[in-house]
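Take a look at the letters that make up each chain.
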Amino acid sequence: MRIAVIGGGPAGGSAALALARGGAAVDLYLPARPGEKPCGGAVPEHVLPRLAGFDLSPLPAVISPAAVLENAGGGRIGVDLQGIRIFRRRDFDRALAEAAVAAGAVLRPARAERLEWGSGGLEVSAAGETRIYDWIVGADGARGLTRRSLGLASRGDSLGLGGSLSGLAWDRLVLAFPGLADSYLWIFPRPGGASVGIAYTAGRLTDAAARAALGSFLDRHLPGGWRDLPGPRYRYPIPVFGEWTLPSVRRALVRRVLLTGDAAALADPLTREGIRYGLLSGLWAAEGLLAGDPERYPDVLAAELAAEMERAGNARDLFFEGSIGQWMVPAARLHSGVRRVLGDLLACRQPYTGLRRRLLRSLFNPSRIRTPSAP
Ligand SMILES: Cc1cc2nc3c(=O)[nH]c(=O)nc-3n(C[C@H](O)[C@H](O)[C@H](O)COP(=O)(O)OP(=O)(O)OC[C@H]3O[C@@H](n4cnc5c(N)ncnc54)[C@H](O)[C@@H]3O)c2cc1C
């Protein structure tokens, strides 16, 4: 079986690595100079050991930084954020692709330019050459060639507006909930600088309002000035999981394409975290192909993600605009239990299933009420 993986981000890298380790004949297409993916680069540690054959230890990373949450009223609370690693995406993606190649994947260092469904198989054209495959793993992002070739519109996009700033020393993770629809702001420390930005949903917040909120947030936290710091600025889609996800994945499967990561719209609709789901979906696609049963892939996505993502979507308004958003910081100041739940949620150890129950239990457990400590 000949397999092409289109795209060398978390989804494509993990698929190519697992396929090559499983003995499949796999070509990994990625642009010769992929550049830095607009991204905070925060990954929950617990997912990383699932990438057999990928040694992260040499990669520069910020590990479990001190974290501060802020709400719209200016309230602040420190939370313990154990179990998060923050990478520069170019380091992470390059190392993952190198691990795939070391395991036997063939690197095709060129952007795939055309996909066609010929009588002999799936034709991928890149750098003036056309190769034929039995299956394609589409891992080239929300608006990539794979979705376009399948005639699938981009759906469910949140947006990330921000930048990767270098030339500043920053060691704290700050998350702020400004009370503007379902947006949140961040400063993540990362090797050599910081990633800053605002995540929001197009149609619920204008770009101008998002830009203004980000500007005043950064002015407050980086009073020494940030506008002139070097590093790329961006506005980039984050395709979140929704009712559009599984129908697109099933439609692609009919044409012998497994959509993964952002190409499948798998990011968490509340946190907009997508690296974990890119990595996992790449692994699940590879497992289906190696087992000779790729048809099961959409069912695996449904079983693993659908219920949790639906809860994340439902919790979104409650979290940002409703009672949790309003009371989270004051409640967390008083309750060590609530602080722990928030830390676990943000470090991706607390699933949405059971979140409300655990928060309420923490809130009404008098033995956990503590004198607040300053962050
Ligand atoms: C501003 C912002 C901040 C974010 N912060 C976080 C965060 O902190 N943590 C988190 O978990 N998620 C975060 N996300 C989401 C996360 O970046 C994505 O969900 C994740 O990168 C998806 O991985 P992927 O492999 O599916 O796609 P991508 O990472 O987009 O990788 C796609 C790859 O395909 C390549 N490609 C594209 N077209 C072609 C082609 N024609 N041929 C060959 N290769 C091609 C690209 O060069 C790229 O390498 C953030 C997103 C944004 C926009």
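See the structure printed just above.
Cut-offs used in this document
- Residues numbered from 1 in each chain as written.
- Predicted model: local features only at pLDDT ≥ 70, side-chain atom pairs only at ≥ 80, totals over all residues.
- Heavy atoms only, no water.
- Pairing = 2+ DSSP bridges.
- Helix = DSSP H or I, 4+ residues; strand = E, 2+ residues; numbered from the N terminus.
- Axes fitted to C-alpha atoms, helices over the stretch in contact; angles between N-to-C directions.
- Core = buried A, V, L, I, M, F, W, Y, C linked by side-chain atoms within 4.5 Å.
- Buried < 20%, exposed > 50% of the residue type's maximum accessible area, 1.4 Å probe, protein only.
- Contact = heavy atoms within 4.5 Å.
- Near = heavy atom within 4 Å.
- Polar contact = N/O pair within 3.5 Å; in protein donor to acceptor, adjacent residues only side chain to side chain.
- Areas by Shrake-Rupley, 256 points an atom, 1.4 Å probe, with all protein chains shown as cover.
- Nonpolar A, V, L, I, M, F, W, Y, C, P; charged D, E, K, R; others polar.
- Domains from an automatic or database assignment.

Let us now look at the sheet that holds strand E8 (residues 106–108). Taken in spatial order, the five strands of this open sheet run E8-E2-E1-E12-E18, and their pairing is parallel. Each edge of the open sheet is held by one strand with a lone partner, namely E8 and strand E18 (257–259). Strand-to-strand twist of the sheet, defined as the mean angle between neighbouring strand axes without regard to direction, takes the value 20°. Relative to E18, strand E12 (residues 135–138) runs parallel, the two sharing three bridges. Along E18, the bridge assignment pairs Val137 with Leu258.

Let us now look at the nonpolar core. Membership of the largest hydrophobic core comes to 68 residues, with the highest contact counts inside it found for Leu19, Leu48, Phe54, Phe92, Val124 and Leu259. For this core, the element with the most residues is helix H7 (residues 275–290), which contributes nine residues. Apart from the residues within four sequence positions on either side, Leu259 is in contact with Gly138, Thr146, Arg147, Leu150, Leu152, Ser248, Val249, Ala252, Ala264 and Tyr297. In terms of nonpolar packing, the next biggest core, distinct from the first, is built from 33 residues, Leu270, Ala315, Phe320 and Val338 among them.

Taken together, 33 residues surround the ligand, and among them Gly40, Arg89, Ala112, Asp262 and Ile275 come closest. In this structure, an oxygen atom belonging to the ligand sits 3.2 Å away from a main-chain N or O atom of Pro10. Within the contact set of the ligand, an oxygen atom lies 3.2 Å away from a backbone nitrogen or oxygen of Gly41. In isolation the ligand offers 1,000 Å² of accessible surface; the protein chains occlude 92% of this area. Those elements that place two or more of their residues in the shell around the ligand are helix H1 (10–21), strand E15 (184–190), strand E17 (233–239) and helix H6 (261–264). Examining the composition of the shell around the ligand, we find that four residues originate from one element, E17, more than from any other. Residues that form the shell around the ligand fall into these classes: 18 nonpolar, eight polar and seven charged. There are two domains that each give the shell around the ligand at least three residues, and those are domain 1 (2–40 + 88–155 + 240–314) and domain 2 (157–238).

By themselves, these are just geometric observations and shouldn't be taken as functional.
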